[in-house]
Amino acid sequence: QVQLVESGGGLVQSGGSLRLSCAASGSIVSVYGMGWYRQAPGKQRELVARISSGGRRNFVDSVKGRFTISRDNAKNTVYLQMNSLKPEDTAVYYCNADIFGGTTTINYWGKGTLVTVSS
């Protein structure tokens with residue numbers, strides 16, 4: 001079994017920063033793409049940022065220049081550094097990863113961590 005465990009969410013004022021972490025553990029042979037999605041109340045889940053195993057990154061337009069994504073392959077961990085946070089960034093943030101466990105590659109989700117940005 002594989003688990004993704006997020007941490008780092010919380011309450012922050014507009015303009016502040018937070019750093020989210022997500023660690024994958026369990027029966028892991030390789031971790032391919034890793035990323036962060038978010039879902040605000042009443043809205044669909046959307047991709048925030050994703051990083052490939054080779055380090056290629058992509059971001060949703062609304063966070064470009066404010067958020068960065070990185071990963072530590074030795075720790076099977078992905079990070080999301082969020083700067084200049086805005087109230088519209090308020091959402092539950094979910095970690096996502098494509099993980100090869102030895103037979104097939106499966107897409108996994110974390111349980112989510114709440115980020116609240118006050119104005």
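You'll find the structure just up there.
Caption draft 1: Geometry of the state of the cysteines. By the definition in use, this model includes one disulfide. The partner cysteine of Cys-22 in its disulfide is Cys-95, sulfur to sulfur 2.0 Å. The chirality of the disulfide connecting Cys-22 with Cys-95 is left-handed, given an S-S dihedral of about -80°. Taken together, the positions of Cys-22 in strand β3 (residues 18-26) and Cys-95 in strand β9 (residues 91-100) put the pair 73 residues apart, joining distant regions of the chain. Like Cys-95, Cys-22 is buried.

Caption draft 2: Fine view of the pairing of strand β5 (residues 46-51). In terms of strand pairing, strand β4 (residues 30-39) meets β5 through five bridges, oriented antiparallel. Paired with Tyr-37 across the bridge in β5 is Leu-47. Hairpin remark: β4 followed by β5, antiparallel, with six residues in the connecting loop; positive phi at Gly-42, about 80°. Strand direction decides the pairing type here: β5 and strand β6 (residues 57-59), joined by three bridges, are antiparallel. Residue pairing in the sheet places Ile-51 in a bridge with Arg-57 of β6. The antiparallel hairpin formed by β5 and β6 contains five residues in its connecting segment, where Gly-55 sits at a positive phi of about 100°.

Caption draft 3: Examining the packing of aromatic side chains more closely. Counted by the stated rule, this structure contains two aromatic pairs. Relative to Trp-109, the ring of Tyr-37 has its centre 4.9 Å away and its plane inclined at 65°; by these criteria the two rings are edge-to-face. Here Trp-109 lies in strand β10 (residues 105-109) and Tyr-37 lies in strand β4, a separation of 72 residues in the sequence. Where Tyr-94 meets Trp-109, the ring centres are 6.5 Å apart and the plane angle is 85°; that geometry is what we call edge-to-face. One end of the pair, Tyr-94, is in strand β9; the other, Trp-109, is in strand β10, with 15 residues separating them in the sequence. A residue is classified by how much of its surface remains accessible, and Tyr-94, at 14% relative accessible area, is buried. By relative accessible area, Trp-109 is classed as partly exposed at 37%. Aromatic ring contacts, followed pair by pair, group Tyr-37, Tyr-94 and Trp-109 into a single cluster. The positively charged end of Arg-45 is found above the aromatic ring belonging to Tyr-94, 3.7 Å away from the centroid.

What counts, and where the lines are drawn
Residues numbered from 1 in each chain as written. Predicted model: local features only at pLDDT ≥ 70, side-chain atom pairs only at ≥ 80, totals over all residues. Heavy atoms only, no water. Disulfide = S-S within 2.5 Å. Helix = DSSP H or I, 4+ residues; strand = E, 2+ residues; numbered from the N terminus. Buried < 20%, exposed > 50% of the residue type's maximum accessible area, 1.4 Å probe, protein only. Pairing = 2+ DSSP bridges. Phe/Tyr/Trp six-rings, centres within 6.5 Å; stacked < 30°, edge-to-face > 60°. Lys NZ or Arg CZ within 6 Å of the ring centre and 35° of its normal.

No statement about biological role is implied by the geometric values presented.
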